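# Working through the structure, step by step
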Amino acid sequence: MMKETIKGITMKKFLFITLITIFITACGGGGDTPNPDSDSDSDPVNNNNVPTIPVLAAPTNNLLCIDNNLEFSWSASTDADNDAIKYTIEVSLDTEFTQITHSVNNLTTTNRTILLERDLAYYWRVKASDSKNASSDFSSVFQLYTEGFGEENHLPFAPSLLKPEMGGTVQGTSTSLMWGATDVDGDSLTFDVYLGTDPDPSTLVVSDHPSKDYVASSLTATTTYYWKVVAKDGKGGITIGQVWSFTTN
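What comes next is a walk through the structure.

### Description of the packing of aromatic side chains
On inspection of all chains with the given rule, the structure shows nine aromatic pairs. With a centroid separation of 6.3 Å and 70° between ring planes, the pair formed by Tyr-123 and Phe-157 is classed as edge-to-face. In this pair, Tyr-123 sits in strand E7 (residues 121-130) while Phe-157 sits in the loop between strand E8 (142-146) and strand E9 (160-163), placing the two residues 34 residues apart along the sequence. For Tyr-123, a relative accessible area of 1% corresponds to the buried category.

If you want it as structure tokens, here you go:
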């Protein structure tokens, strides 16, 4: 009698487990089949290729422009999806593009004529966007100088940051500061370097420095420093660069 009871219980367990297995299979049987409505298959942004970065052509870098009504041009970008491409050009008075004087969007051609003011240094760049709103990075930055009336000397171009990267972290209590700088007249340049913990650095750490690098030493750990470079051409031409920053580890 007891054996029959145990046998009956065992049979009930078997039937219960079988039913549960069938139920789970019925509910989840399609789990290995991709969902045609899932984002990974239908989202055009995830599957869209970004256009290539435009390459600047003219005005060439470091050019002294006699005319101030200039035609800017660049190479056409390509798109792996063959989407239509439009361009954005930005022209600025500084290398960080915080003083943008001209910004033109949705250009379908690879050129644009822009009237600039005379006797000023300008910096320009271009990016490409496709019809699905995917944008490339901006191109490299070219700089130019517009000729003034009866002018014999031109200001140096604003120094550009090379090292350390803006807002980056440096190791130790010393670091090498590096920048780029050119002069459209080909004049030899010297530099004044300002460095400190004030966001508007006013401490002159080196004056009339002949090279484009300077080793900052005796820095305090876990501190944010700000620095800027003033370029001088020896003929009275002086250009104050942007303020950059880094943090010590």
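There's plenty left to go through after this.
### Let's talk about the nonpolar core
Core analysis: the largest hydrophobic core is formed by 19 residues, its most contacted members being Phe-72, Trp-74, Ile-89, Val-91, Leu-116, Trp-124 and Leu-144. Elements supplying a minimum of two residues to this core: strand E3 (69-74), strand E4 (85-92), strand E5 (100-107), E7 and E8. Excluding residues within four positions of it along the chain, Val-91 makes contact with Phe-72, Gln-99, Ile-100, Thr-101, His-102, Ile-114, Leu-116, Tyr-122, Tyr-123 and Trp-124.

### Let's talk about the environment of Ser-135
Topologically, Ser-135 is positioned in the loop between E7 and E8. A sequence separation of 82 residues divides Ser-135 from Ile-53, and the C-alpha atoms of the two residues are 8.9 Å apart. If we skip the residues at most four places from it in the chain, Ser-135 touches Val-50, Lys-127, Ala-128 and Ser-129. A polar atom in the side chain of Ser-135 sits 2.7 Å from the side chain of Ser-129.

### Looking at the pattern of salt bridges
According to the stated counting rule, one finds six salt bridges in the structure shown. The partner of Glu-90 in a salt bridge is Arg-125, with the nearest N and O atoms 2.9 Å apart. Of the two residues, Glu-90 sits in strand E4 while Arg-125 sits in strand E7, which places them 35 residues apart along the sequence. Residue classification places Glu-90 among the buried residues on the basis of a relative accessible area of 11%. In this structure, Asp-200 and Lys-228 form a salt bridge, with 3.8 Å as the shortest nitrogen-oxygen distance. In this pair, Asp-200 is assigned in the loop between strand E12 (190-196) and strand E13 (204-209) and Lys-228 in strand E15 (residues 224-232), connecting sequence segments 28 residues apart. Residues participating in the shared-partner salt-bridge network are Asp-192, Asp-208 and Lys-232.

### A closer look at the sheet that holds E4
Pairing in this open sheet of five strands is mixed, and the strands run E2-E8-E7-E4-E5 from one edge to the other. Looking at which strands have only one partner, the edges of the open sheet turn out to be strand E2 (63-65) and E5. Direction aside, the axes of adjacent strands within the sheet are offset by 25° on average.

### Some thoughts on unusual backbone geometry
The amide bond that connects Ala-58 to the next residue, Pro-59, takes the cis arrangement and shows omega of 0°. One can find Pro-59 in the loop between strand E1 (56-58) and E2. One non-glycine residue with positive phi stands out, namely Thr-222, at about 50°. Positionally, Thr-222 belongs in the loop between strand E14 (213-216) and E15. Residue classification places Thr-222 among the exposed residues on the basis of a relative accessible area of 66%.

What counts and what doesn't
Residues numbered from 1 in each chain as written. Predicted model: local features only at pLDDT ≥ 70, side-chain atom pairs only at ≥ 80, totals over all residues. Heavy atoms only, no water. Phe/Tyr/Trp six-rings, centres within 6.5 Å; stacked < 30°, edge-to-face > 60°. Helix = DSSP H or I, 4+ residues; strand = E, 2+ residues; numbered from the N terminus. Buried < 20%, exposed > 50% of the residue type's maximum accessible area, 1.4 Å probe, protein only. Core = buried A, V, L, I, M, F, W, Y, C linked by side-chain atoms within 4.5 Å. Contact = heavy atoms within 4.5 Å. Polar contact = N/O pair within 3.5 Å; in protein donor to acceptor, adjacent residues only side chain to side chain. Salt bridge = Lys/Arg side-chain N within 4 Å of Asp/Glu carboxyl O. Pairing = 2+ DSSP bridges. Axes fitted to C-alpha atoms, helices over the stretch in contact; angles between N-to-C directions.

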